[in-house]
Amino acid sequence: MSVATKLPKPVTERRAILCPNGNRVRVSDESKKKNEAPKKPQRQKTPVSQTPQTAVQSNVSVDDSSCSSDSSSSSTNSSSVKTVSSRKTDKRNGVKAKVSPTASEVVTDISAGLSGPLKRCDWITQFSDPLYTSFHDEEWGVPVHDDRKLFELLAFSQALAELSWPTVLNKRDIFRKLFDNFDPSSVAQFTEKKILSLKVHGSLLLSEPKLRAVVENAKQILKVQQEFGSFSDYSWGFVNDKPLKNGFRYARQVPVKTPKAESMSKDMMQRGFRCVGPTVVYSFMQVAGIVNDHLVTCFRYQQCIANVKNDIKRKIKETERLTQDVEKACSTPQ
């Protein structure tokens, strides 16, 4: 007797297929239709005006008159320009639309944000002596080519072994009075009696070795002037008449001496200069603008570079003018 066996119904399984992005499962059309939810009708978006290029580049927020008091007060207390959304919202016919600020509004906001304190080198703080701050902003690192001024800066660099820059600057007038406004020809003629008088009157400024070094260096500057034409040509010859740019970001990176300063110090000592070690010479190079050691974050870094470029252009024009004068003089019949 045969027994009828019931066979189970075949089950249709989803078959995996190979796709370029890996193995995926093919879903039947019916299951797709079941899983798909009815789409909601999309609301037509209101066109947004294009943001001006100036607003995109600056990425500066322009506050609306309808802003809350909290946001306006926070933007007023902040000294820096906030980088937030640069577009405003406007309600028209019940629909919110984003409106771009005008270029004049962006410029006004930028100028207001940039009116904060200037960024200086790290060794200049809000507690620094105002005279020292002014010296940093106006003199330190500016190229100097006047022999009398270079003699003064060399003497100040030597004094840093015993005094600080604020102290030296506050007593600058006393220094100039004692050393005849740092005229090398005058200081070189100081007698022993005059030097002893400097020791008495200047005892609170420098030690006797430093005072004698200033007098002796004045004599050596006169010799350098006879050999090189000027003390400026001698000093700037170590850098080929072009200031050095280090581009340090942090104060700890600024060295106290460099191989260039060591070379200059060695040559000066061989010529008879006193108290001109590598550290003193490098300080002299910094303050005389022979090297630009303003930090790259300081506003004076780029200004000193621009001043050097302007000086080069001015010298080129003067050379061209002198050349033209010489050519005219030579072409004129005698």
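These remarks concern the structure in this document. For clarity, every value in this text was computed on a predicted model and none was experimentally measured. (Residues numbered from 1 in each chain as written. Predicted model: local features only at pLDDT ≥ 70, side-chain atom pairs only at ≥ 80, totals over all residues. Heavy atoms only, no water.)

Here's the deal with the packing of helix α13 (residues 259-270) against helix α14 (residues 278-287)
Orientation of α13 relative to α14, taken along the N-to-C sense of each, is 110°, at an axis distance of 8 Å. Between α13 and α14, the crossing angle belongs to the class labelled roughly perpendicular. Handedness of the crossing formed by α13 with α14: right-handed. Side by side, α13 and α14 meet where K260, A261, E262, M264, S265 and M268 of the first sit next to P278, V281, Y282, F284 and M285 of the second. Residues that form the contact of α13 with α14 fall into these classes: eight nonpolar, one polar and two charged. (Axes fitted to C-alpha atoms, helices over the stretch in contact; angles between N-to-C directions. Helix = DSSP H or I, 4+ residues; strand = E, 2+ residues; numbered from the N terminus. Parallel < 35°, antiparallel > 145°, perpendicular 65-115°, else oblique. Left-handed = near helix turned anticlockwise from the far one by under 90°. Contact = heavy atoms within 4.5 Å. Nonpolar A, V, L, I, M, F, W, Y, C, P; charged D, E, K, R; others polar.)

Some details on the packing of helix α6 (residues 147-159) against helix α11 (residues 208-228)
Contact geometry of α6 with α11 gives a least axis separation of 11 Å together with a crossing angle of 150°. Our pair here, α6 against α11, has a crossing hand that is right-handed. Between α6 and α11, the contacting residues are D147, F151, L154, A155 and Q158 on the first element and K210, V214, N217, A218, I221 and Q225 on the second. Taken together, the residues of the contact of α6 with α11 sort by class into six nonpolar, three polar and two charged.

Here we look at the pattern of salt bridges
If you walk through the whole model with that rule in mind, you get twelve salt bridges. Across the pair R148 and D183 runs a salt bridge whose closest N-O atoms are separated by 3.6 Å. In this pair, R148 is assigned in helix α6 and D183 in the loop between α8 (172-178) and α9 (184-187), connecting sequence segments 35 residues apart. Between E152 and R176 there is a salt bridge, and its shortest N-O distance comes to 2.8 Å. Of this pair, E152 sits in helix α6 while R176 sits in helix α8, and the two are 24 residues apart along the sequence. For E152, a relative accessible area of 5% translates into the label buried. Taken together, the shared-partner salt bridges in this structure form one network comprising E139, K149, E152, R172 and R176. (Salt bridge = Lys/Arg side-chain N within 4 Å of Asp/Glu carboxyl O. Buried < 20%, exposed > 50% of the residue type's maximum accessible area, 1.4 Å probe, protein only.)

Comments concerning the environment of D137
Mapped onto the elements of the fold, D137 is located in helix α5 (residues 130-138). Each C-alpha atom of the pair D137 and I124 lies 10.0 Å from the other, and the pair is 13 residues apart in sequence. Ignoring anything within four residues of it in the chain, the contact list for D137 reads R120, F299 and R300.

Focus on the environment of W165
Within the element layout of this structure, W165 appears in helix α7 (residues 165-170). For W165, a relative accessible area of 11% translates into the label buried. It is 7.1 Å that separates the C-alpha atoms of W165 and Y132, two residues lying 33 residues apart in sequence. If we ignore the near neighbours within four places in the chain, the residues touching W165 are Y132, F135, F156, L160 and V287.

So, the nonpolar core
Among the nonpolar cores identified, the biggest contains 51 residues, and W165, F175, F179, F231, M268, F284 and M285 are the most heavily contacted of them. If one sorts the elements of this core by residue count, α6 sits on top with seven residues. Counting residues in hydrophobic clusters, the runner-up holds five residues, among them C121, V254, L295 and C298. (Core = buried A, V, L, I, M, F, W, Y, C linked by side-chain atoms within 4.5 Å.)

With respect to unusual backbone geometry
Glycine aside, negative phi is the norm for most residues, and most peptide bonds take the trans geometry. One non-glycine residue with positive phi stands out, namely N240, at about 60°. Mapping N240 onto the fold places it in the loop between α12 (231-236) and β5 (244-245). Given a relative accessible area of 67%, N240 falls into the exposed group. With a phi close to 60°, D241 is a non-glycine residue in the positive phi region. With respect to the helices, strands and loops of the structure, D241 is situated in the loop between α12 and β5.

Looking at α6
Taking 1.5 Å of rise per residue, 13 residues should cover 18 Å, and α6 covers 18 Å from first to last C-alpha, within 8% of that figure. Along α6, eleven of the 13 residues are buried, which leaves the element largely enclosed by surrounding structure. At the N-terminal end of α6, a side-chain oxygen is found 3.3 Å from the backbone nitrogen of R148, two or three residues along, and the residue is D146. (Expected span 1.5 Å × (residues − 1). Polar contact = N/O pair within 3.5 Å; in protein donor to acceptor, adjacent residues only side chain to side chain.)

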